[in-house]
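# Structure assessment
For reference, the chains in residue letters:
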Amino acid sequence: MAELEALEFGKSDFVLLDEVNMEQFMENLKLRFEMGRIYTFIGEVVVSVNPYREMDIYGKEAISAYRGRELYENPPHLYAVADAAYKAMKRRAKDTCIVISGESGAGKTEASKYIMQYIAAITNPSQREEVESVKNVLLKSNCVLEAFGNAKTNRNDNSSRFGKYMDINFSFSGDPTGGHINNYLLEKVNEEQVGVHLIKRCVVCLQANSDQSSHRAVRTALKVIGFSEDEIESIYRVLATILLLGNIQFGTEEEIVQVEGDGEVVSHIAELTSTQPQQVEKALLFRTVATGGGDVIEKGHSEQEACFGREAFSKALYERLFGWIVGRINSVIEVKDYNPMLHGKNTVIGVLDIYGFEIFDNNSFEQFCINYCNEKLQQLFIELILRQEQEEYEREGVAWQHIEYFNNQIIVDLVEQNHKGILSMLDEACLSGGRVTDTVCLDSMSSRLAQHPHYTDRKLTPADKTMEFQKHFRIRHYAGDVTYSVEGFLDKNKDLLFQDFKRLMFNSTNPVLKDMWPDGGLSITEVTKRPQTAASLFKNSIVALVDKLSCKEPYYVRCVKPNEMKSPVLFDAARCQHQVAYLGLLENVRVRRAGFAYRQGYSRFLLRYKMTCEYTWPNHLMATDREAVEAIVTQHGFQDDVAYGHTKLFVRSPRSLFSLEQERAALIPILVLFLQKVWRGALARKRCRQLRAVYAIMGCYRKHKLKAHFLEVERRLANARNMADYGRGVEWPLPPAALAQFHDITVTWWAHQVVKRIPPSEVSEVRAKVAALGALDGARKAWGVGRPWERDYLANVRPDRSLDSSFLRVSKELKTRDQFGLVLFSGLCRKVNRFNKSTDRAVLITDKHLYKLEPRKQYKVLKRTPLDQLTGVSLTGGADQTVALHTTSQDDFLLYLQGGALWPGQDRAGELVGTKIQHFYAGFYEVCSMWNVKPSRNKKNKKSLWQNLVPLDKTVHFYLSKISIIISCKY
């Protein structure tokens, strides 16, 4: 049951037609074709109509939609039947096959390619290299086999002139491990244009752009499969040889047959085949025969025999080439070193793409074999689908009305029955002594098959003028009446290739050609057994094919050709109805319904429709699934429209199923929302429990790590108080992340012990040096850390130094007037102006102002600048005492500090910087305390503060541990 599509697209399954008759079947088929729905189900059979245009229904999204889904869950598609075959193979470890049938031009080759692409796309999700290699070879083999085995006919631009059956081997995990290809009846000859096109499409000298791109694709495919450059070159040599053989003409001179021309063509053929020109000419003109006494003689050909030998040689060359290509591909893709005990069960999906039923204006031996093959496949379809369908009713114990259907076994027997069939008659004619012609064979068939209801000829029906005497016979196939021309039947059935050509190719120095002709190694006296006829070989291969298919679970794709014009819009109703009739599609629908349009196992039916009944949702409490199904049927009131089998429910009318589907479709959104709600709640609760567990574990682990860290610290620093350096040399353990900041503080606890020993009078100096160290460490080597900082050098009197008493007077006056509380720094300096001129000056820095003084004029105040206008201090990284004081008015001071007469080399630049930083930092904490703001200990905040005060080339953060450096230098 395919998922319901909109009514405008018709019924997606022919089983759901209101009435099963040809008129409704054709209306539904036409409607779906016109609406772009080229696929329709008949139960599990897919009916495919060739759209004659590209359709956007084969991409990655379509593959994802059908992957792993049941047939009825999506609209009809080739992917649906491919996935069903793959699931059956993988789930039940059962070999399956997909049989693609239909007449020439119905789209079988394209269908097989899409099926192969789908299987390749859904396998090997882990992208294992060896599996991808197998997939690539399997896909590329299609391109190569199409190039050499398909041709343009008057009914199809890409007609398969051979039958192909590919077995794809899968591992127990469902990945392809290899495969094997069987080819059936490569057509040797048909109409002249077919043979020419079959060769010309493969040769190097291609003209059209499309042919050139196709040629490149074929070469690429050959390389991917594993053909070497020498092998590819040999292929083209054989193709060129076949074309050149067609240019050879024979003439007779003095009753001796000769090759016309100057021998250039023969020499070219010899060069291509790696043989001698004399040997090529001899094989074309003579035949070696062994006499009864064991003697070997050479018999010259007549002109007609030479032409016949040339044609037979050309056909054989191409046939051997094609067979060698197939064998070469098989050698690459076959499963190697397989061990069931080691690798598990090896399952198979078979894909059959074989020529469809053909009716030409002139039907010869090839069409006879092709149509016989289709009869065998139709018989298999009847056996596996129609007959098994009715056997299922008997097996389930369901009463049903027997449906009559045409069984084509009578036609199969007409062709293949031993001693009585047409193939046996052809073999008898070929193997009998004397001169038996096609006409004699036709007379024999006429007399021995005169009473057969499906055979006739002009002799048996003289009034039928559509046939000619001694030329035509007609078989009433399941697909329709086909008239065959008996001309050439016997010649095509015989293997009339002279042994001389086989020995010529076997003796070639080209190893590829030698490998194609192993039978050429026999001497003329050893070739005694008559080879099997083409009909016998074909019959045996088809019987083997049917046996191979019959042991697998079959899936069918029935292809329909909508018109003869290859038009994407034209639907030839009469043409399509003829195909529907001979494909037995209507009988398939009738048997599928047989009074019951739908059947399903109780468990699966319950799984799909249990939400429509209150007694079965979400789970039933009844004894069996059958009772639960009966409850669903009874609640919906169509208990009179069903039958209960042993394991399945059979629904008679599609309308009953529609009512269930409609109610299910209405309930699904409600159930989805309910299930989403429940599932999301379950996920949220699960997530919450997981998070709680995670946090609990994290908390316990964090406590454990903290405890372990503190215990280790305690162990290492147990005797630190008694050490001379208070444990400064002890290596601390690496702290957990939670203790990183705590570690940065406590790791310098010993510094606090040292700080306690500093006299109160020196605390301010130490703080200033710490501030200077934080700003200048790494940026300036010498900055006066090892000497006492006196700050107010102009006011401090030394015994060996005279001090102008006027400075003290000026300092007191300024303190009274400006109300400053503290002198931060004072000293002599030289001021440099913008014109690079320097003069002696003195500088006084208080906690409120910066004063520039004239020492030679009793320290007269030359300039006073509020301290809050100071924006920064700059100094160099060398030992000089140059200091730049920056202000908001950009009227900066450039000073060179002087040590005076007693300390000419004293470094006072670091003291000025440290004193000012310490003063501003103390003011920062004072403001914070006034506003009850706790100063941030974020290093970034400190950095920005210090950078505004001291923009150095490199600003270093303040660390408490650096007190130790100051103390070491001081004490």
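Residues numbered from 1 in each chain as written. Predicted model: local features only at pLDDT ≥ 70, side-chain atom pairs only at ≥ 80, totals over all residues. Heavy atoms only, no water.

You'll find the protein chain entered in an unreviewed UniProt entry as Myosin IG, with Gadus morhua given as the organism. Looking at the protein chain in UniProt, the text filed under Sequence similarities (unreviewed entry) is "Belongs to the TRAFAC class myosin-kinesin ATPase superfamily. Myosin family." (UniProt positions renumbered as here; feature names shortened; annotations may be inferred.)

## Some points on the packing of helix H5 (residues 129-149) against helix H11 (residues 303-333)
How two helices pack is summed up by the angle between their axes together with the distance between the axes. The geometry of H5 relative to H11 is characterised by a closest axis approach of 11 Å and an angle of 180 degrees between their N-to-C directions. Considered as vectors, H5 and H11 are oriented roughly antiparallel to each other. Every residue of H11 that contacts H5 at Val137, Leu138, Ser141, Val144, Leu145, Ala147, Phe148 and Gly149 is listed here: Tyr318, Leu321, Phe322, Ile325, Val326, Ile329, Val332 and Ile333. Its residues placed into classes, the contact of H5 with H11 shows 14 nonpolar, two polar and no charged. (Axes fitted to C-alpha atoms, helices over the stretch in contact; angles between N-to-C directions. Helix = DSSP H or I, 4+ residues; strand = E, 2+ residues; numbered from the N terminus. Parallel < 35°, antiparallel > 145°, perpendicular 65-115°, else oblique. Contact = heavy atoms within 4.5 Å. Nonpolar A, V, L, I, M, F, W, Y, C, P; charged D, E, K, R; others polar.)

## Looking at the pattern of salt bridges
Pairing between side chains becomes possible if they bear opposite charge and their charged atoms approach one another. Counted by the stated rule, this structure contains 37 salt bridges. The partner of Asp464 in a salt bridge is Arg474, with the nearest N and O atoms 2.6 Å apart. Note that Asp464 is positioned in the loop between strand S13 (455-457) and strand S14 (472-477) and Arg474 in strand S14, a separation of ten residues in sequence. Residue Asp464 shares its accessibility class with Arg474, and that shared class is buried. When the shortest N-O distance is used, the salt bridge between Arg787 and Glu911 registers 2.8 Å. One end of the pair, Arg787, is in the loop between helix H28 (760-776) and helix H29 (805-818); the other, Glu911, is in helix H30 (residues 909-930), with 124 residues separating them in the sequence. For Arg787, a relative accessible area of 13% puts it in the buried group. Glu911 sits in the buried class, given a relative accessible area of 0%. (Salt bridge = Lys/Arg side-chain N within 4 Å of Asp/Glu carboxyl O. Buried < 20%, exposed > 50% of the residue type's maximum accessible area, 1.4 Å probe, protein only.)

## Some points on the packing of aromatic side chains
Here the structure, examined in full by the defined rule, presents 24 aromatic pairs. Taken together, a centroid distance of 5.8 Å and an interplanar angle of 65 degrees make the contact between Tyr86 and Phe170 edge-to-face. Within this pair, whereas Tyr86 is found in helix H3 (residues 78-92), its partner Phe170 is found in strand S6 (residues 163-170), the two being separated by 84 residues in sequence. As far as the burial class goes, Tyr86 and Phe170 line up, both buried. With 4.8 Å between their ring centres and 50 degrees between their planes, Phe605 and Tyr609 make a pair best called tilted. With a gap of four residues between them, Phe605 and Tyr609 both fall in helix H23 (residues 602-609), about one helical turn apart. Assessed through its relative accessible area of 0%, Phe605 is described here as buried. With relative accessibility at 0%, the residue Tyr609 sits in the buried group. Taking the ring centre of Trp517 as reference, the NZ or CZ of Arg320 above it sits at 4.2 Å. The residue whose ring lies beneath Lys514 is Phe506, and the NZ or CZ to ring-centre distance is 3.9 Å. (Phe/Tyr/Trp six-rings, centres within 6.5 Å; stacked < 30°, edge-to-face > 60°. Lys NZ or Arg CZ within 6 Å of the ring centre and 35° of its normal.)

## Some details on the environment of Ser805
Mapped onto the elements, Ser805 comes out in helix H29. Under the relative-accessibility criterion, Ser805 is labelled exposed at 55%. Spatially, the C-alpha atom of Ser805 lies 8.6 Å from that of Gln858, the residues being 53 residues apart in sequence.

## Looking at the sheet that holds strand S16 (residues 553-560)
Overall, mixed pairing links the seven strands, which are arranged S1-S2-S16-S3-S12-S6-S7 in an open sheet. With one partner strand each, in any of the chains shown, strand S1 (39-42) and strand S7 (176-184) form the two edges of the open sheet. Each adjacent strand pair in this sheet contributes to an overall mean axis angle of 20 degrees, direction not counted. Bridging between strand S3 (residues 96-101) and strand S12 (residues 347-353) involves five bridges; their strand directions are parallel. Bridging across to S12, Ile98 finds its partner in Val351. Helix H22 (residues 585-593) contacts S1, strand S2 (45-49) and S16 of the sheet and is inclined by roughly 45 degrees relative to S1. (Pairing = 2+ DSSP bridges.)

## Quick notes on the state of the cysteines
Within the structure shown, the criterion is met by zero disulfides. Among the cysteines around Cys373, which has no disulfide bond, Cys369 carries the closest sulfur, lying 9.5 Å off. Classification of Cys373 as buried rests on a relative accessible area of 0%. (Disulfide = S-S within 2.5 Å.)

## Things to note about a nonpolar patch on the surface
A surface patch of nonpolar side chains, about 360 Å² in accessible area, is lined by Leu691, Val694, Tyr695 and Met698. Secondary-structure assignment places Tyr695 in helix H25 (residues 654-716). (Patch = residues over 30% accessible without salt bridge, like charges linked within 9 Å, V, L, I, M, F, W, Y side chains within 5 Å. Areas by Shrake-Rupley, 256 points an atom, 1.4 Å probe, with all protein chains shown as cover.)

## Observations regarding the layout of surface pockets
As a volume, the second largest pocket reaches approximately 1200 Å³. Around the second largest pocket, the lining is made up of 39 residues, and of these Glu44, Leu71, Glu553, Arg592 and Lys648 lie nearest the centre. When contributions to the lining of the second largest pocket are tallied by element, the ones reaching two or more residues are H3, helix H13 (365-396), S16, H22 and strand S17 (598-601). When residues of the lining of the second largest pocket are assigned to their parent elements, the largest contribution, seven residues, is made by H13. Its residues assigned to classes, the lining of the second largest pocket comprises 17 nonpolar, five polar and 17 charged. (1 Å grid on protein atoms, 1.4 Å probe; cavity = no way out; pocket = protein on both sides within 12 Å on 5 of 7 lines; lining within 4 Å. Points joined across faces, edges and corners; volume = space filled by probe spheres on them.)

## Digging into the sheet that holds strand S24 (residues 870-875)
Strand order in the open sheet made by the seven strands is S23-S22-S21-S20-S26-S25-S24, with antiparallel pairing throughout. Both edges of this open sheet fall to strand S23 (860-866) and S24, since each of them pairs with a single strand only. When strand polarity is set aside, the average angle formed by the axes of neighbouring strands in this sheet is 35 degrees. As judged from the nine bridges shared by strand S20 (residues 823-832) and strand S21 (residues 838-846), these two strands associate in the antiparallel manner. Residue pairing for S21: Phe825 is matched across the bridge by Ile845.

## Observations concerning the side chain of Ser48
Topologically, Ser48 is positioned in strand S2. When near neighbours in sequence (up to four residues on either side) are disregarded, Ser48 contacts Ile38, Tyr39, Val557, Arg558, Cys559 and Val560.

## A word on unusual backbone geometry
Note on backbone geometry: most residues besides glycine have negative phi, and most peptide bonds are trans. Of note, the bond from Trp617 into Pro618 is cis; its omega dihedral lies within 30 degrees of zero at 0 degrees. With respect to the helices, strands and loops of the structure, Pro618 is situated in the loop between H23 and helix H24 (625-636). Phi at His419 is positive, roughly 70 degrees, even though this residue is not glycine. Of the residues examined, His419 reaches a relative accessible area of 61% and is grouped as exposed. Positive phi values are uncommon outside glycine, yet Gln819 reaches one of about 55 degrees. Positionally, Gln819 belongs in the loop between H29 and S20. Residue classification places Gln819 among the exposed residues on the basis of a relative accessible area of 54%.

## Some remarks on the pairing of strand S26 (residues 893-897)
For a regular strand, the rule is simple: side chains alternate between the two faces of the sheet. Only one face of S26 is buried: it carries Phe893, Leu895 and Leu897, and the other face, with Leu894 and Tyr896, is open. Bridge count for S20 against S26 is three bridges, and the pairing is antiparallel. Following the sheet pairing, Cys829 is matched in S26 by Leu897. Bridge analysis of strand S25 (residues 882-887) against S26 gives four bridges, and the strand direction is antiparallel. By the bridge assignment, Thr882 is partnered in S26 with Tyr896. Following S25, the chain reverses through five residues before pairing antiparallel with S26; Gln890 in that reversal takes a positive phi of roughly 60 degrees.

## Section: helix H8 (residues 229-245)
Given a rise of 1.5 Å per residue, 17 residues ought to cover 24 Å, and the 24 Å separating the end C-alpha atoms of H8 matches this to within 8%. Among the residues making up H8, those that are buried are Glu231, Ile232, Ser234, Ile235, Tyr236, Val238, Leu239, Thr241, Ile242, Leu244 and Leu245. (Expected span 1.5 Å × (residues − 1).)

## Regarding the packing of H8 against helix H9 (residues 264-273)
Running from N to C, H8 and H9 point in directions that differ by 160 degrees, and their axes come no closer than 9 Å. Accordingly, the angle class assigned to the pair H8 and H9 is roughly antiparallel. Crossing geometry of H8 relative to H9 is assigned as left-handed. Contacts between H8 and H9 involve Arg237, Ala240, Thr241, Leu244 and Leu245 from the first element and Val265, His268, Ile269, Glu271, Leu272 and Thr273 from the second. Classifying every residue of the contact of H8 with H9 by side-chain character gives six nonpolar, three polar and two charged. (Left-handed = near helix turned anticlockwise from the far one by under 90°.)

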